[in-house]
There are 2 protein chains.
Amino acid sequence: MKFVLAPDSFKESMSAAEAVAAMERGVRTVFPDAECVGLPMADGGEGTVDALVAARGGALVDAAAQDALGRSLVARYGYVADERLAIIEIAAAAGIQLIDPADRDQRIASTFGVGRLITDALDRGARRFVIGLGGSVTTDGGAGMLHALGAQLFDADGRDLPGGGAALARLARIDLAGFDPRLLDATFEIASDVTNPLLGAEGAAAVFGPQKGADDETVRELDAALAVYARVLAEATGRDVAGLPGAGAAGGLGAAFLACFDCRLRRGIDVVMQAAGLSARMAGAAYVFTGEGSLDAQTLGGKTPLGVAEVAVSADVPVIAFAGRIGDGAEALYDHGFSALVPIVAGVGDLPQALRDGPKNLERAVATVCRLLALRR
Amino acid sequence: MKFVLAPDSFKESMSAAEAVAAMERGVRTVFPDAECVGLPMADGGEGTVDALVAARGGALVDAAAQDALGRSLVARYGYVADERLAIIEIAAAAGIQLIDPADRDQRIASTFGVGRLITDALDRGARRFVIGLGGSVTTDGGAGMLHALGAQLFDADGRDLPGGGAALARLARIDLAGFDPRLLDATFEIASDVTNPLLGAEGAAAVFGPQKGADDETVRELDAALAVYARVLAEATGRDVAGLPGAGAAGGLGAAFLACFDCRLRRGIDVVMQAAGLSARMAGAAYVFTGEGSLDAQTLGGKTPLGVAEVAVSADVPVIAFAGRIGDGAEALYDHGFSALVPIVAGVGDLPQALRDGPKNLERAVATVCRLLALRR
């Protein structure tokens, strides 16, 4: 009997790989000889590198880079040498988790470090990229990344612009002559669940700026600066991408990818599932187990279990989702092909204890489900 | 497809009948046409009357009685007219829950009210009795009950003894001449999980007295008084029951039943299961669902789910237990034939909320299990 184990991480409790391990222990309690195919999943955000390195048999690589404020750091990404495939979470360099709240300043925050990671991967031989766009602290439209990759950004007087979104208000010209030529051979799969355009009320500054610490005035300032940037970028590339879905992802980093790269921007879980080869691994499976920390109505918004369920349904394999919490509205998931939604907690308890007990509870819940599946009448 | 639904109550959350109803809703979510046989269970303690009235199609009867301190009250018991069967929980008259902690005094607490309930049932026509022995606040050896049923208790001077355990120290003679003659035709099934003898270190006063508010001195006084009582009772009945298992149940009330009645004392769940006809109702069932508030190592001590599981195993029907909490040590239950132990909570939360959500959570957990059972590969 073959089980595909494809959970996301259980936030603050266990990584996707740890969840796979707990699931496998649970399965083996009941079916010691089962074939367990573990595929740790992610939705394009945190855990994407680990998931795809595990699925493709790649390695984790440490590279010199910098955070959004220009401070040096060592960032980690994934590399699968025989596929020339790099997997990069932009949060590793431009992430909000790297900057203390008091130090966050979107006016100057830059994606330069993301460009350095891409360069490092190109040096290593990468020509295919999977990029997870989640978790940025920047709103620079990806200008910093383009600069790191060889683009030059000038003001009206021909002077180099400083980094950060605010300076883009003075942008007059982008020169792509120095753009890394290896990028012409590179393809990018961009994982992002954000479909916002670059500008305006639904744009990068207005919708995501406040979460990253911008006040109303800064939002207006950045939105206006991004409008200048969009116009100049369109002149330089011949592509007007500001209105495209996803151009506003990661503080407008989506726009830079769309304008300057051979890229496809898709729902995070779809990028991860495809890169992990989930569909192919599902052949002959009796059951698929997925899960994450919480299942509720929001899960319908493209989170991992839903994506896994879609693939499982196509393959006609029953899919069972486990979660630390089955919230209100989760019942709607039954309309999307889930065979069962199973909470893993064993009783009343506080959150810290439940987070600590996550692996034990998941193992037990999986074993219990397997006991039920083993009942044949 | 036939389901037998035989849960105990989920303490402080739902009665056994409410649990049955929640289970049935859960089953029907997945199998709308299933045959659901609901048999609310109990272990001889609280809920026994309700469970057996439901199972046998009887009625609840209100009778004038008194509590352990002699205060008038209306007590409820169950009566199944066509079987001449009365179901009495002794706690309805001699229960600890009827007396404020500050007013509890085991020296004077009496089971007289229990005798009044039995008389009421005899008047109504009862000749078969199921008696649940749990929850007493008395330690009078059942002397009060015997007195209410017509026995006379005298001191050495031929004076009537007052009620309560302490006065038994002065007991010289029991006269059973006035004992209700209808009791000669009556049979008693006594439900008790207590197997303690009447006297000594394992006896009624020493083991259960402290829980009912007795200090060390009172325990010694009551144990000595019960020793006098045991000797006089043996003289009156020709049966020396003090050392029998269960004689110490309910403050020695077990001894009175064993000495003066045609009775059989058994594990509570066995009495209830037999009276409810669980074994016969299990014929042709696909699954048995049981449960209670908490499942843990203590469940092995004769609680409802274990009893239901034993019957289910004999009938070769898979048994699945649901609980608000699956505690440490519960895994040992798998050695006793359970197919699965399923926690019903949907996530982290506090106890009051979980108790309020009990029926909803049980319904959902049962539905989830049914979804899994519906998966056939």
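Because the structure is predicted, anything quoted here is derived from the model rather than measured.

## Details of the pairing of strand E5 (residues 85-89) of chain B
Residues and elements named next belong to chain B. Burial runs high along E5: five of the five residues are buried. Residues of E5 alternate between two faces, with Leu85, Ile87 and Glu89 on one and Ala86 and Ile88 on the opposite face, all of them buried. Taken together, the three bridges between strand E4 (residues 72-80) and E5 define a ladder with antiparallel strand orientation. Across the sheet, Gly78 pairs through a bridge with Ile87, a residue of E5.

## A closer look at empty space enclosed by the protein
One water molecule sets the probe size; rolling that probe over the atoms shows where empty space is left. Evaluation of the coordinates by the stated rule reveals two cavities of 30 Å³ or more. Taken together, 21 residues form the lining of the largest cavity, with Val342(A), Pro343(A), Thr368(A), Val342(B) and Pro343(B) sitting closest to its centre. Of all the secondary-structure elements, those providing two or more residues to the lining of the largest cavity are strand E13 (338-343) and helix H13 (358-373) of chain A together with strand E13 (338-343) and helix H13 (358-374) of chain B. When residues in the lining of the largest cavity are grouped by element, the largest group, five residues, is from H13(A). Class assignment of the residues belonging to the lining of the largest cavity gives a composition of 17 nonpolar, two polar and two charged. Of the volumes computed, that of the second largest cavity is approximately 50 Å³. Where the lining of the second largest cavity is concerned, the elements lending two or more residues are E13 of chain A together with H13 of chain B. No other element matches the four residues that H13(B) contributes to the lining of the second largest cavity.

## Points about the domain arrangement of chain A
Residue and element names in this part refer to chain A. According to the domain assignment, chain A consists of domain 1 (2-39 + 278-376) and domain 2 (48-269). Here the C-alpha centroids of domain 1 and domain 2 sit 33 Å apart. Contacts between domain 1 and domain 2 engage eight residues on the former and four residues on the latter. When domain 1 packs against domain 2, close to 420 Å² is buried across both sides, 55% of that on carbon and sulfur atoms. Connecting domain 1 to domain 2 are one salt bridge.

## A look at the sheet that holds E13(B)
All names here are of chain B. With parallel pairing, five strands are arranged side by side in an open sheet as E2-E1-E11-E12-E13. Of all strands in the sheet, those bounded by a partner on one side alone are strand E2 (35-38) and E13. Adjacent strand axes in the sheet meet at a mean angle of 25 degrees when their direction is disregarded. Pairing between strand E1 (residues 2-5) and strand E11 (residues 287-295): three bridges, direction parallel. Bridge pairing in E11 links Phe3 to Tyr287. With respect to the sheet, helix H1 (residues 16-30) is in contact with E1, E2, E11 and strand E12 (319-326), its orientation differing from that of E1 by roughly 155 degrees. Set on the sheet, H13 makes contact with E1, E11, E12 and E13; between it and E12 the angle comes to about 140 degrees.

## Digging into the interface of chain A and chain B
Interface size is commonly expressed as the accessible area that is lost once the parts come together. Taken residue by residue, the interface counts 34 residues in chain A and 35 residues in chain B. In total, chain A and chain B occlude about 2800 Å² of area from one another, counting both sides; carbon and sulfur atoms represent 58% of this. Summed over the shared surface of chain A and chain B, the number is two salt bridges. The salt bridge partner of Glu331(B) is Arg364(A), with a shortest N-O separation of 3.7 Å. Our count for the chain A to chain B interface comes out at four residue pairs in polar contact (both at pLDDT 80 or more). For the side of chain A that touches chain B, the secondary structure elements donating two or more residues are strand E12 (319-326), E13, helix H12 (351-356) and H13 of chain A. A per-element tally of the side of chain A that touches chain B places H13(A) first, with six residues. Considering only residue class, the side of chain A that touches chain B consists of 20 nonpolar, six polar and eight charged.

How each quantity is defined
- Residues numbered from 1 in each chain as written.
- Chains lettered and ligands numbered in written order.
- Predicted model: local features only at pLDDT ≥ 70, side-chain atom pairs only at ≥ 80, totals over all residues.
- Heavy atoms only, no water.
- Buried < 20%, exposed > 50% of the residue type's maximum accessible area, 1.4 Å probe, protein only.
- Helix = DSSP H or I, 4+ residues; strand = E, 2+ residues; numbered from the N terminus.
- Pairing = 2+ DSSP bridges.
- 1 Å grid on protein atoms, 1.4 Å probe; cavity = no way out; pocket = protein on both sides within 12 Å on 5 of 7 lines; lining within 4 Å.
- Points joined across faces, edges and corners; volume = space filled by probe spheres on them.
- Nonpolar A, V, L, I, M, F, W, Y, C, P; charged D, E, K, R; others polar.
- Domains from an automatic or database assignment.
- Contact = heavy atoms within 4.5 Å.
- Buried area = accessible area lost by both parts, 1.4 Å probe.
- Salt bridge = Lys/Arg side-chain N within 4 Å of Asp/Glu carboxyl O.
- Axes fitted to C-alpha atoms, helices over the stretch in contact; angles between N-to-C directions.
- Polar contact = N/O pair within 3.5 Å; in protein donor to acceptor, adjacent residues only side chain to side chain.

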